Amino acid sequence: MNICHVVENLDRGGLERAVIDLAAAQVARGHRVHILCLFERGQLADEAEGFGVPVRACRKRAGIDLGVLWRLRGALRDAAAEILHTHNATAHYHATAAAFGLRLRRRVSTRHGMGALDTTSRREALFRRSMPFTDAVATVCEAARAELARGSALPVDKLVAVPNGIRVERFAPADHASRAALRAELGLPAGTGVFGTVGRLNPVKDHAGLVLAFAEVRQAGIDAALVIAGDGALRGELETLVVAKGLAGRVFLLGDRSDVAQLLRGFDVFVLSSLSEGYSIALLEACASALPIVATHVGGNAEIVRDGINGLLVPPRDRGALAASMRAL
């Protein structure tokens, strides 16, 4: 089949990693695959092109940009698309409009988060209007499927949960050598415990709450450090918070990292403090690295972390509970 994935961009993140891995698997099965980016290409575009998937940026401007519909339509025609697979609402309604009248066999959308947080928004209204031209909507966890079915008036018979997966062969259990190497890189004593997390620095991940919870862990006299891998608009604010709490030299903002699999092997405990999640790629990668986990009880996290078995679940925004679970592990 000729398959076209449409995403906002291919910046480093869980959604984008899932699309890259899916495209690679489809190429391996003999399909022709293209990835169309609504905005810019992003950091993972070169990886996709490395295994034979062309990536094309349609360079949408901010606000309403009708020109992007013509660029998308031209790209779909050039790719001789048979299957349109979009990722999240904005990509879907733009691509659905651009493909109107084209002879596609199927139109599929995947919603990678928990669905409509604001069902009255223009984005969600346009997504709902695209449903007559959509064959299926996949969610990445059962919790998201139930939320969309309940909250956004989507056709229930078109909703199906297809949990995210990862390439587990890329990961190995955390080990003493990797832990020693990470501590040496950070200038930490050999016996220091390391909490770690991976994710974009945006409000929904609540890194500020994690830093404040870690401050409580340190106040309890525990010799520990916190490593945050990922970049984003909140980096400056987090750096200021770290200094204000006297945590310089104990909280490390590593920025964007391409060696996450190796980095995870150096952690002792993985922490996810998100206020909302779909089916977290970061949690799956932590599981594949045999790390105990502290995660917030939101979205599909409870479908990955079994409380008291492979980790601990805490309420979102509850810094005391987060700190207590970090101390316990």
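Details of the structure are given in the entry above.
Attention here is on the structure that accompanies the text. (Residues numbered from 1 in each chain as written. Predicted model: local features only at pLDDT ≥ 70, side-chain atom pairs only at ≥ 80, totals over all residues. Heavy atoms only, no water.)

1. Digging into the overall build of the chain
Inference 1: Of the regular secondary structure elements, the chain holds 13 helices and 13 strands.
Inference 2: Overall, the chain is about 65 × 40 × 35 Å in size when its C-alpha atoms are taken along their principal axes.
Inference 3: Within the chain, buried positions represent 51% of all 329 residues.
Inference 4: If you take every contact in the chain between residues at least 6 apart in sequence, the share linking residues at least 24 apart comes to 64%.
Inference 5: Averaging the locations of the 40 positively and 34 negatively charged side chains of the chain gives two centres separated by 6 Å. (Helix = DSSP H or I, 4+ residues; strand = E, 2+ residues; numbered from the N terminus. Buried < 20%, exposed > 50% of the residue type's maximum accessible area, 1.4 Å probe, protein only. Contact = heavy atoms within 4.5 Å. Lys, Arg positive; Asp, Glu negative; His and termini not counted. Charge placed at Lys NZ, Arg CZ, Asp CG, Glu CD.)

2. Some remarks on the pattern of salt bridges
Inference 1: Tallied over the full model, the rule gives 25 salt bridges.
Inference 2: The partner of R17 in a salt bridge is D21, with the nearest N and O atoms 3.2 Å apart. Of this pair, R17 and D21 both sit in helix α1 (residues 14-28), four residues apart, roughly one helical turn. Across the pair, D21 and R17 agree in class, each one buried.
Inference 3: One salt bridge connects E147 with R150, and the closest N-O pair in it is separated by 2.5 Å. You can see E147 and its partner R150 sitting in helix α6 (residues 142-151), three residues apart, about one turn around the helix.
Inference 4: On the basis of relative accessibility, which here comes to 26%, the residue E147 falls in the partly exposed class. (Salt bridge = Lys/Arg side-chain N within 4 Å of Asp/Glu carboxyl O.)

3. Examining the sheet that holds strand β9 (residues 224-229)
Inference 1: Taken together, six strands build an open sheet; the order of strands is β10-β9-β8-β11-β12-β13 and the sheet is parallel. The open sheet has two edge strands, β10 (251-255) and β13 (311-314), and neither has a second partner. With direction set aside, neighbouring strand axes in the sheet form an average angle of 20°.
Inference 2: As paired strands, β9 and β10 are joined by four bridges and run parallel to one another. In the sheet register, L226 faces β10, and the bridge partner there is V251. (Pairing = 2+ DSSP bridges. Axes fitted to C-alpha atoms, helices over the stretch in contact; angles between N-to-C directions.)

4. Looking at the packing of aromatic side chains
Inference 1: In total, this model carries two aromatic pairs according to the counting rule given.
Inference 2: Ring centres of F100 and F133 lie 5.7 Å apart, and the angle between their planes is 85°; on these two criteria the pair is classed as edge-to-face. Taken together, the residues span a long stretch of sequence, with F100 in the loop between α4 (89-98) and β5 (106-111) and F133 in the loop between α5 (122-129) and β6 (136-139) at a distance of 33 residues.
Inference 3: Exposure remark for F100: the relative accessible area of 54% places this residue in the exposed category.
Inference 4: Aromatic pair F195 and F214: ring centres 6.3 Å apart, planes at 75°, arrangement edge-to-face. Linking F195 in strand β8 (residues 193-198) with F214 in helix α8 (residues 207-219), this pair joins segments that are 19 residues apart in sequence. (Phe/Tyr/Trp six-rings, centres within 6.5 Å; stacked < 30°, edge-to-face > 60°.)

5. Let's talk about the nonpolar core
Inference 1: Residues L264, F267, F270 and L283 are the most contacted members of the largest nonpolar core, which totals 34 residues.
Inference 2: For this core, the secondary structure elements donating two or more residues are α7 (176-186), β8, β9, β10, α10 (260-264), β11 (269-272), α11 (281-288) and β12 (293-296).
Inference 3: No other element matches the five residues that α11 contributes to this core.
Inference 4: Sequence-distant contacts of L283, that is, excluding residues within four places in its chain, are made with F270, L272, I293, A295, N301, I304 and V305. (Core = buried A, V, L, I, M, F, W, Y, C linked by side-chain atoms within 4.5 Å.)

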